[in-house]
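Residue-level structure breakdown
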Amino acid sequence: MTTRTRDLIFAAIALALAVAIAITAFGYPVASSYFPRTLAVLMGLLAAFFGLRTLLAPTDDAAPMSPLNISALIAAFGGIAAYVVALKLVGYEGATFLFLFLLMVWLGAVGWLKALILAVAFTALLNVIFFVMLGVPRPDALLF
């Protein structure tokens, strides 16, 4: 499978998922489904744009895909599972900080100091967006 084929498959799956979300979301009243409707439209537009861009790109790249990085895959999905458990134990701020910091360090995206700064900054930013601006209630936690 080439990178182009993989990208086209991804665009098709993302577009199908956006259509499924839209069908469900547009069946509810606007007041309770504004976010899913917006998400479905944006996701559909981005998937269509990505698919068209891939189709219209030159077909020079017929190289096969690079092998799958199993370590990164396990880190991502294991990290998400651990994040869900940590949300219930230590609360939103602690779980989000740990998830972001450990995932960035594990994947080697940035150095540990930059990961620390980014994890704190993004945790604070998400805290302000969801709990202050949008008024989303905090998830309950066992310890904090």
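In short, a report on the structure. These numbers were taken from a predicted model, which means no experiment stands behind them.

**With respect to the environment of Ala76**
- Topologically, Ala76 is positioned in helix α3 (residues 70-107).
- Ala76 sits 27 residues away from Leu103 along the chain, and the two C-alpha atoms are 7.2 Å apart.

**Some words on the packing of α3 against helix α4 (residues 112-133)**
- Two elements in contact, α3 and α4, have axes whose closest approach is 8 Å; the angle formed by their N-to-C orientations is 145°. The handedness of the crossing between α3 and α4 comes out as right-handed. The segment α3 lies against α4, with Tyr92, Glu93, Thr96, Phe97, Leu100, Phe101, Met104 and Val105 engaging Trp112, Ala115, Leu116, Leu118, Ala119, Val120, Phe122, Thr123, Leu126, Asn127 and Phe131.
- Residue classes in the contact of α3 with α4 are distributed as 15 nonpolar, three polar and one charged.

**A word on the packing of aromatic side chains**
- What the rule picks out here adds up to four aromatic pairs.
- A centroid spacing of 4.9 Å and a plane angle of 90° characterise the contact between Tyr92 and Phe131, whose relative ring orientation is edge-to-face. Highlighted residues: Tyr92 in helix α3 and Phe131 in helix α4, separated in sequence by 39 residues. Of the two residues, Tyr92 and Phe131, neither departs from the other in class, the shared state being buried.
- In this structure, Arg138 packs its charged tip against the face of Phe131, placed 4.3 Å from the ring centre.

Analysis parameters
Residues numbered from 1 in each chain as written. Predicted model: local features only at pLDDT ≥ 70, side-chain atom pairs only at ≥ 80, totals over all residues. Heavy atoms only, no water. Helix = DSSP H or I, 4+ residues; strand = E, 2+ residues; numbered from the N terminus. Axes fitted to C-alpha atoms, helices over the stretch in contact; angles between N-to-C directions. Left-handed = near helix turned anticlockwise from the far one by under 90°. Contact = heavy atoms within 4.5 Å. Nonpolar A, V, L, I, M, F, W, Y, C, P; charged D, E, K, R; others polar. Phe/Tyr/Trp six-rings, centres within 6.5 Å; stacked < 30°, edge-to-face > 60°. Buried < 20%, exposed > 50% of the residue type's maximum accessible area, 1.4 Å probe, protein only. Lys NZ or Arg CZ within 6 Å of the ring centre and 35° of its normal.

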